[in-house]
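This is what each chain is made of:
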Amino acid sequence: IEIKVIPNSKKNFVKKEFDIFKVYITAKPVDGKANQAVIGILSDYFNVKKRQIEITRGLKSRIKSITIYELH
């Protein structure tokens, strides 16, 4: 799934626009805090556990690819 991260937002939420999910987070992009916040928000949004979500591309970019794994 392709996402675009918007850090320093007033609140945390996810918005789907066309083929990309925009993830608004209050965290600043420092020391991986934004990536942790993104995983937390997406786990709530998709109703999965945090360990099922992996950022597969774009760790230091606003445009990221994530993979959601199924648990057996």
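To be clear, the structure that these remarks concern was listed above.
Residues numbered from 1 in each chain as written. Predicted model: local features only at pLDDT ≥ 70, side-chain atom pairs only at ≥ 80, totals over all residues. Heavy atoms only, no water.

Novice: What exactly am I supposed to notice about the nonpolar core here?
Specialist: The nonpolar side chains of soluble globular proteins are, as a tendency, buried together. I3, V14, V23, I25, V38, L42 and I66 are the most contacted members of the largest nonpolar core, which totals 16 residues. If you list the elements that add at least two residues to this core, you get β1 (2–6), β3 (20–24), α1 (33–46) and β4 (53–57). In terms of residues, this core owes the most to one element, α1, which gives 6 residues. The contacts of I3, once residues within four sequence positions are left out, are I20, F21, V23, V38, L42, R62, I63, K64 and I66. (Core = buried A, V, L, I, M, F, W, Y, C linked by side-chain atoms within 4.5 Å. Buried < 20%, exposed > 50% of the residue type's maximum accessible area, 1.4 Å probe, protein only. Helix = DSSP H or I, 4+ residues; strand = E, 2+ residues; numbered from the N terminus. Contact = heavy atoms within 4.5 Å.)

Novice: Looking at this model, I keep getting lost on the environment of I39. Mind explaining?
Specialist: Looking at the element boundaries, I39 is found in helix α1. The spatial distance from the C-alpha of I39 to the C-alpha of I66 is 9.1 Å, given a sequence separation of 27 residues.

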